[in-house]
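# Observations on the three-dimensional arrangement
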Amino acid sequence: MSTAAPSAPPRARNPIDRFFHISERGSTVGREVRGGIVTFFAMAYILVLNPLILSTPDSTGTFLGGGTDGANLAAVSAGTALVAGLMSILMGTAANFPLAIAAGLGINALLAFTIVQMPGMTWPDAMGLIVLEGLIILVLVLTGLREAIFKAVPHQLKVAISVGIGLFIALIGLVNSGIVRPGGTPLQLGVNGSLTGWPSLVFVVGLFVIAILMVRKVRGAILIGVVTAAVLAAIIEAVAHLGPLGEDNPGGWGLTVPALDGSPVQAPDFATLGQFSLFGAFEKIGWLAALLLIFSIMLADFFDTMGTMVAIGAEGGLLDKDGNPPHTRRILVVDSIAAAAGGAASVSSNTSYIESATGVGDGARTGLSSVVTGIAFLLATFLSPLAAFVPYEAATPALVIVGFLMMMQVTEISWRDAAIAIPAFLTIILMPFSYSITVGIGAGFIAYVVFAAAKKGGVKSVHWLMWLVAAAFVIYFALGPIEQMLGI
């Protein structure tokens, strides 16, 4: 009996096919283009959310872009699109992996609501920390230390960090939308316990549209929901002329009034590019606090990419027998460069997006889809005025939904094991309750090494890097008294 020879892999049909190994991976150019477009629409909400999150003034009262009368939302949106476009294209061409990149949710919140609120800190100082964080991660990748640090932190603690950030983002969405406001108690529903005004309705409609579309598994649900809410907001404003939110106008719009002044298409404004101070934070808050902040940012940026690339690889059947995607180091190098590039452009750290799974689910298997996504982001730089059109109430439903998506991971934590459950719990609750991602991470790390060491034979089970990091966070939490003792 003759044995049939194994079939040869499909032959590449053109230079694009050969470069990206499209036929070899069982795909077509058409599938890659379609997958790239689907991924863009699944991620495009970041062009609205990133400017909104970064719209807070720093400790000196200065907004991102250098003004004192409000953030330049159009410039932040254009910069966000530019970096996302260039880094996604780099991921596609250098790593040939269907993984798109954009500004990461979570780190931008850490910048806006924690770091730039520290005494003396400015937006350029904070963005300098992002650049340094990206460069440090790049060194860790090139030396192989990233994997070592990744293994040192228990998986369930990593999950808790992600869940805590999700709750923090959801709380920010509820507060910025006015659904939750300060009142007789620290926080309350709306005004005097009731939802007030048309903007609240816009938020509720946006939230339900996104959720219903997700239930029906419609791709791009978040973007569709934000656009729907923004159109509704524009109609309401055109009819009712609500104006901006204020003490005498509790039913007004938060952040911006949804009325477009001029054309939605214009030459991109890249005013934020290069607005960073590499070592400014060290002068403002001291080297120890600055280093701990860099570590906190790095931790938030550090683990998502490794989990994301494995998840995308598994979805597309691209993992090897050990569960590793092709060109792992190239993927991590590009992701590290993206983090630094985001800081250099003053649009926050850029990272790999799990939304890339939408394109992979639609057939994408190669880096060509990431190139298509990147080109779409570059074209979007000409639509940046739309970022100044969307009020908080239309965009923040997406924050709540993203918080929900991140919260889903909570089932991976062993809640019956107190040694890991209590640190995870502290990590999760202290992020929203203290309005600080750094505090949550630090409390979780300290609690973990203490409780793990309390178990029989537990001291040796805790990686030495965890002990080192926990000790650094102890110093961080006691930094005020230590500075007073030293007369600093």
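Within each chain, residues carry numbers counting from 1 in the order of the written sequence. Per-residue local features are limited, in this predicted model, to residues with pLDDT of at least 70; the limit for side-chain atom pairs, both in listing and counting, is 80 or more; totals at the level of whole chains, interfaces and linings are taken over all residues. Excluding hydrogens and water, the side-chain figures rest on all heavy atoms present in the structure.

### So, the packing of aromatic side chains
Aromatic rings from Phe, Tyr and Trp, taking only the six-membered ring of Trp, are treated as a pair when their centres fall within 6.5 Å; an angle between ring planes under 30 degrees marks them as stacked, one over 60 as edge-to-face, and anything in between as tilted. A full pass over the atoms with the stated rule returns eight aromatic pairs. Residues Phe40 and Phe377 carry aromatic rings whose centres are separated by 5.0 Å and whose planes lie at 80 degrees to one another, so their mutual orientation is edge-to-face. In this pair, Phe40 sits in helix α2 (residues 29–43) while Phe377 sits in helix α15 (residues 367–380), placing the two residues 337 residues apart along the sequence. Residue Phe40 shares its accessibility class with Phe377, and that shared class is buried. What counts as a helix is a DSSP run of H or I of at least four residues, what counts as a strand is a run of E of at least two, and both are numbered from the N terminus. The rule is simple: take the accessible area with a 1.4 Å probe, protein chains only, and divide by the maximum for that residue type; under 20% is buried, over 50% is exposed, in between is partly exposed.

### With respect to the nonpolar core
Residues belong to a common nonpolar core when they are buried Ala, Val, Leu, Ile, Met, Phe, Trp, Tyr or Cys residues joined through side-chain atoms within 4.5 Å. Core analysis: the biggest nonpolar cluster contains 115 residues, and Ile115, Leu129 and Phe445 have the highest contact counts within it. The greatest single-element share of this core, amounting to eleven residues, is contributed by helix α12 (residues 287–315). Only heavy atoms enter the contact rule, under which two residues are in contact if any of them lie within 4.5 Å. Excluding anything up to four places from it in sequence, Leu129 contacts Ile115, Met121, Ala281, Phe282, Ala290, Leu293, Ile294 and Ile297. Judged by nonpolar contacts, the second largest core, of seven residues, contains Val159, Ala160, Val163 and Ile428.

### Some thoughts on the packing of helix α3 (residues 46–53) against helix α4 (residues 73–95)
Relative to each other, α3 and α4 sit at 130 degrees, their axes nearing to 9 Å. When the interaxial angle is binned, α3 and α4 end up oblique. Between α3 and α4 lies a crossing whose hand is right-handed. Packed against α3, whose contacting residues are Ile46, Leu47, Asn50 and Pro51, the element α4 presents Leu73, Val76, Ser77, Thr80 and Ala81 at the interface. For the contact of α3 with α4, a count of residues per class yields six nonpolar, three polar and no charged. Geometry is summarised by axes, namely lines fitted to C-alpha atoms with helices restricted to the contacting stretch, and by angles between N-to-C directions that run from 0 to 180 degrees. Here is the rule for angles: anything less than 35 degrees is roughly parallel, anything more than 145 is roughly antiparallel, 65 through 115 is roughly perpendicular, and the remaining ranges are oblique. Should the near helix be turned anticlockwise from the far one by less than a right angle, the crossing is termed left-handed; should it be turned clockwise, right-handed. Note on residue classes: Ala, Val, Leu, Ile, Met, Phe, Trp, Tyr, Cys and Pro are nonpolar, Asp, Glu, Lys and Arg are charged, and everything else, Gly too, is polar.

Read these as layout, nothing more, since geometry by itself doesn't imply function.
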